[in-house]
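Remarks on the overall topology
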Amino acid sequence: GFTNEITTSSSNGEDIGIERQLGEVCVLFPEGFILDLGFNFGFILDTVCVPISVSSFDNITKAQFALTWDPNLFYAGVQNLTTELENFTEDNFITSSSPVGLLEIDWTNLAGESLEDGTVLFELCFVPIDGAGRCSPIELSDSPEPDITVLSGSNADVVAPTPGEICIEDRIVVTADVTDV
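Residues numbered from 1 in each chain as written. Predicted model: local features only at pLDDT ≥ 70, side-chain atom pairs only at ≥ 80, totals over all residues. Heavy atoms only, no water.

Regarding the overall build of the protein
- A count of helical and extended segments in the protein gives zero helices and twelve strands.
- Along the chain direction, N to C, the helices and strands of the protein fall in the order β-β-β-β-β-β-β-β-β-β-β-β.
- Scored against the burial criterion, the 181 residues of the protein give a buried share of 35%.
- Only carbon and sulfur atoms are counted for the fraction: they give 49% of the accessible area of the protein, which is about 11200 Å². (Helix = DSSP H or I, 4+ residues; strand = E, 2+ residues; numbered from the N terminus. Buried < 20%, exposed > 50% of the residue type's maximum accessible area, 1.4 Å probe, protein only. Areas by Shrake-Rupley, 256 points an atom, 1.4 Å probe, with all protein chains shown as cover.)

Quick look at unusual backbone geometry
- The peptide bond linking Ser143 to Pro144 adopts the cis configuration, its omega dihedral lying at 5°.
- As for its placement among the helices and strands, Pro144 is situated in the loop between β9 (135–140) and β10 (147–150).
- Phi is positive for Asn59, which is not a glycine, with a value near 55°.
- Relative to the assigned elements, Asn59 resides in the loop between β3 (48–55) and β4 (60–69).
- You can call Asn59 partly exposed: its relative accessible area is 39%.

Things to note about the packing of aromatic side chains
- Throughout the structure, instances matching the rule amount to eight aromatic pairs.
- For the pair Trp69 and Tyr75, a centre-to-centre distance of 5.9 Å together with 20° between the ring planes defines the contact as stacked. With respect to class, Trp69 is no different from Tyr75; both count as buried.
- For the ring pair Phe88 and Phe93, a centre distance of 5.6 Å and an interplane angle of 55° mean the geometry is tilted. With respect to class, Phe88 is no different from Phe93; both count as buried. (Phe/Tyr/Trp six-rings, centres within 6.5 Å; stacked < 30°, edge-to-face > 60°.)

Section: the state of the cysteines
- Enumeration over the complete set of coordinates arrives at two disulfides.
- What pairs with Cys49 in a disulfide is Cys125, and their sulfur atoms sit 2.0 Å apart. Across the S-S bond linking Cys49 and Cys125, the dihedral sits near 105°, which makes this disulfide right-handed. Placement of Cys49 in strand β3 and of Cys125 in strand β8 (residues 119–128) is noted, with a sequence separation of 76 residues between them.
- Given a relative accessible area of 4%, Cys125 falls into the buried group.
- At a sulfur-sulfur separation of 1.9 Å, the disulfide partner of Cys135 is Cys167. The S-S bond linking Cys135 to Cys167 shows a torsion near 105°; that makes this disulfide right-handed. A residue pair is termed long-range when its members are at least 10 positions apart, and Cys135 in strand β9 and Cys167 in strand β12 (residues 164–169) qualify at 32 residues. (Disulfide = S-S within 2.5 Å.)

Observations regarding the nonpolar core
- Ranked by size, the top nonpolar core spans 35 residues in total, and within it Phe33, Leu35, Phe65, Leu67, Phe88, Phe122 and Leu124 carry the most contacts.
- Looking at this core element by element, the count peaks at five residues for β4.
- Once residues lying within four places of it in the same chain are set aside, the contact partners of Phe122 are Val50, Pro51, Ile52, Leu67, Val78, Gln79, Asn80, Leu81, Phe88, Phe93 and Ile105. (Core = buried A, V, L, I, M, F, W, Y, C linked by side-chain atoms within 4.5 Å. Contact = heavy atoms within 4.5 Å.)

So, in C-alpha cells, the structure goes:
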C-alpha cells in the first residue's frame, strides 16, 4: 500500500513532508517510441505471424533494436512491412541469429520519420515446431542494446510495455476408412 512517509536519496531516511492527495498523474513519454508486440495462435508446423506496431514514433532518425523469442518457434521471415518509412525493406532485418531466437532491426533515415500511432511496422512470422498447449513470449531484447535517435540528434528510448505472444495449439488428425459405408 501507499505510505504517508516520503523520503528521498538525500533526506537520510527522514520524511520530507509531502502530503498526498488523490488525483491524476501525467507521465510525459521521453523521446523515442513504443513497440506493441502482438499476439496470435496457431498449430505446430503452420506459419503464424504477429503484428509489431508502434506508437509515439515521432521524428525518428535511427531505430536499431532486437526482438527475442523461444527457439521452438522457427523464424519464417517478416511480411507486410509498412510502406510509410522510407527505405524500410527486408534488408533492415539481421537474421543471422534467428535460429537462437533473435532478430535485429537496423533502420536509418537522417531526415527523420513519423508514423501514426498504431501503425503496423511489420509482421514477424514463425513456424511452431514444438510446445503444443503453451504460449511463447516475444520480447524486446536488451542485448544488443537498442539505439534510437531523433531528429534533434539526441538519444531516445524504445519500450515494449508487454511482451507479444504466440500460443501453440494441439492438433489431432483422425483418419478413418470410409469405404464400407
